[in-house]
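Here's the letter readout for the chains.
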Amino acid sequence: GVGPRPPPGGRPSPRAGRALILAGKFVPEIKTRAHGVVEHPAEDIQQSGRQRRRVQILRKNGPHIEQHATVEAVRALWLNNLSELRSLVGDAAGASDLADAASRLRAWVDHRADLFTHRIRGGWIVDGHGDLLCDDIYLEKDGPRILDCLAFRDDLRCGDVVADLAFLAMDLERRGHPELAMQFIRDYAEFSGHSVPGALLWAWASHRAFVRAKVALLRLEQGDDSARDELAEFIAAGLRNLSRAEP
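Thresholds applied
Residues numbered from 1 in each chain as written. Predicted model: local features only at pLDDT ≥ 70, side-chain atom pairs only at ≥ 80, totals over all residues. Heavy atoms only, no water. Core = buried A, V, L, I, M, F, W, Y, C linked by side-chain atoms within 4.5 Å. Buried < 20%, exposed > 50% of the residue type's maximum accessible area, 1.4 Å probe, protein only. Helix = DSSP H or I, 4+ residues; strand = E, 2+ residues; numbered from the N terminus. Contact = heavy atoms within 4.5 Å. Axes fitted to C-alpha atoms, helices over the stretch in contact; angles between N-to-C directions. Left-handed = near helix turned anticlockwise from the far one by under 90°. Nonpolar A, V, L, I, M, F, W, Y, C, P; charged D, E, K, R; others polar. Polar contact = N/O pair within 3.5 Å; in protein donor to acceptor, adjacent residues only side chain to side chain.

Once that is clear, we can look at the nonpolar core. Among the nonpolar cores identified, the biggest contains 58 residues, and Trp 78, Leu 82, Leu 85, Trp 108, Leu 201, Trp 204 and Phe 210 are the most heavily contacted of them. Of all the secondary structure elements, the ones that give two or more residues to this core are α3 (71-89), α4 (95-110), α7 (161-174), α8 (178-192), α9 (198-221) and α10 (227-245). Ranked by residues supplied to this core, first place goes to α9 with twelve residues. Phe 210 has contacts with Asn 81, Leu 82, Leu 85, Leu 98, Ala 101, Leu 105, Ile 235, Gly 238 and Leu 239, leaving out every residue within four places of it along the chain. In terms of nonpolar packing, the next biggest core, distinct from the first, is built from five residues, Ala 69, Ile 120, Ile 125 and Cys 158 among them.

Okay, here's the thing in structure tokens:
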């Protein structure tokens, strides 16, 4: 994860307050994957929802974080990702669907400027995780650990709390567990007292699916044939979640 740099020996330092990447080592056997076997999946998902909220309570926010959640910033983030994905896909099957998705996402964002302002004023913009997938959650005896936040770009990590929720929900659904995805959202809402806006959740899930599609396509170009099915799955998930976000 990313955390603050403490002053050495408790003394003031020019480096104090800067961010550090925090690392820890976990044994592979306790790493949970939604397609694997866990003893109490519903309970583990509930604890993950609570842990996600605890992490967000401790995260800092402010203008330097909130700048990544304005309507202009989100529009640029979503459309730039789709533009990169479309350029990689080229004239292959599905290219026209991606062009249509870009137009629909632009319209979705542009018609909801008030929603993005409301989310910023409500304090729901944080320095988050940025890449929250099932592979990033370890089940310890005293509860889950959420690891491996995206550290190399603030604009991909900072944003609405819904972005991280959507990423994990999207991944759970893709792995064949839509019931756990919805339970995760419900448990988070119950623990946080935050009613997650459904349209915003699915719009972010659409974006996150297209992000993973781009990753899968890059892996495919590097010779990883196992990414071929993932590419199709993520593009389908992006289009499906976009439809869920629209009225």
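Time to look at the packing of α4 against α9. In the contact formed by α4 and α9, the axes pass within 12 Å of each other and the chain directions differ by 145 degrees. Between α4 and α9 lies a crossing whose hand is left-handed. In contact with Leu 98, Ala 101, Leu 105 and Trp 108 of α4, α9 contributes Ala 199, Leu 200, Ala 203 and Phe 210. Considering only residue class, the contact of α4 with α9 consists of eight nonpolar, no polar and no charged.

Attention shifts here to the side chain of Asn 241. Relative to the helices and strands, Asn 241 is located in helix α10. According to the relative accessible area criterion, Asn 241 is buried, its value standing at 1%. A polar contact is formed between the side chain of Asn 241 and the side chain of Arg 244, at a distance of 2.9 Å. Sequence-distant contacts of Asn 241, defined by excluding residues within four places in its chain, comprise Met 170, Glu 173, Trp 202, Ala 205 and Ser 206.

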